[in-house]
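Coordinate analysis (summary)
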Amino acid sequence: MKKTLFCWSGGKDSSLALYYVLQQKEYDIVALFTTINENFKRVSMHGVREELIEQQAKSIGLPWHKMYVREGSNAEYERNMEAFLKEQKAKGVEHVIFGDIFLEDLRAYRDNNLAKVGMKGVYPLWKKNTTELAHEFIKLGFKTVLCCTSDAYLGEKEVGQLYTEDLLTHLPSNVDPCGENGEFHTFCFDGPIFKEPVKITLGEKIYKPLEIKMTKDHPPIKGPMAKGFWFIDLNQ
């Protein structure tokens, strides 16, 4: 089996991708790893506390590594990622698994970073139908909560809701059922990959405006423009 790292966000796509990989038994997952904002001790973009990700890893039964970032810039991320991956390659790791589904530019970005250290990306969900994936995820018994919503598509009402068939039915027509365009992010707390549920309580809802400074030559934004994001503070 090929020694592999798993890029773990804590959300539903990561969970389903991990389920697939564990079923196939082609890769030896040596550890999960997550990018954490060191200033806030939370997952970047998702806003989930790092201790909840740690509880996920314990329930899954895999080692967990944290990669801290402070500035939030691409340059910092790439520096830290390269250093981290070089350490892992020295231990015999050759692949990194991601839960991405159809964003070509994101995959190209990941693959380019991996190529710098002689590694390759693995994408178990790549190009699968997101509607089918959403229904399969729920049917398998996974349970997850919307921890972040973009106000370009959703809002305060949806953040903190469980990801269910009923929620899928009521999503606006321009929202991908897996949130692949950044419409929402999730935290998975139960399902077939977990030995026991991760206990969570729903805290306050927080809105954070998005500050984007664009130059005149910035490429046009595809789809609606987010003005900010709603977060639900998840606690143990």
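Being a predicted model, the structure only gives us computed values, none of them experimental.

Quick look at the environment of Trp230 now. Mapped onto the secondary structure, Trp230 falls in strand E10 (residues 228–235). Take Trp230: its relative accessible area is 17%, and that puts it in the buried class. In the structure, Trp230 is positioned 197 residues away from Phe33 in sequence and 25 Å away in space, judged by C-alpha atoms. Ignoring sequence-local partners within four residues, the contact set of Trp230 consists of Cys147, Cys148, Thr149, Gly155, Glu156, Val159, Lys205, Ile206 and Tyr207.

Here we take up the side chain of Lys12. Note on placement: Lys12 falls in helix H1 (residues 12–24). Residue contacts for Lys12: discarding those within four places in its chain leaves Phe137, Thr144, Tyr163, Pro177, Cys178, Phe184, Thr186 and Cys188.

What follows covers the pattern of salt bridges. Inspection of every chain in the model, using the stated rule, returns 11 salt bridges. For the salt bridge of Arg42 with Asp233, the shortest nitrogen-to-oxygen distance reads 3.2 Å. Pair noted here: Arg42 is in strand E3 (residues 42–43) and Asp233 is in strand E10, with a separation of 191 residues, a long-range link. Arg42 gets classed as partly exposed once you look at its relative accessible area, which sits at 21%. Judged by its relative accessible area of 11%, Asp233 is buried. Bridged by salt links that share partners, the residues Arg42, Arg49 and Asp233 form one connected network.

Each pair of packed helices can be described by the angle between their axes along with the distance between the axes. Axis separation between helix H3 (residues 74–89) and helix H4 (residues 104–115) bottoms out at 10 Å; the angle between their running directions is 50 degrees. Taken as axis vectors, H3 and H4 run oblique relative to one another. Remark: the crossing between H3 and H4 carries right-handed chirality. Two secondary-structure elements touch here, H3 through Asn74, Tyr77, Glu78 and Leu85 and H4 through Tyr109, Arg110, Asn113 and Leu114. A breakdown of the residues in the contact of H3 with H4 according to their chemical character gives 4 nonpolar, 2 polar and 2 charged.

Analysis parameters
- Residues numbered from 1 in each chain as written.
- Predicted model: local features only at pLDDT ≥ 70, side-chain atom pairs only at ≥ 80, totals over all residues.
- Heavy atoms only, no water.
- Helix = DSSP H or I, 4+ residues; strand = E, 2+ residues; numbered from the N terminus.
- Buried < 20%, exposed > 50% of the residue type's maximum accessible area, 1.4 Å probe, protein only.
- Contact = heavy atoms within 4.5 Å.
- Salt bridge = Lys/Arg side-chain N within 4 Å of Asp/Glu carboxyl O.
- Axes fitted to C-alpha atoms, helices over the stretch in contact; angles between N-to-C directions.
- Parallel < 35°, antiparallel > 145°, perpendicular 65-115°, else oblique.
- Left-handed = near helix turned anticlockwise from the far one by under 90°.
- Nonpolar A, V, L, I, M, F, W, Y, C, P; charged D, E, K, R; others polar.

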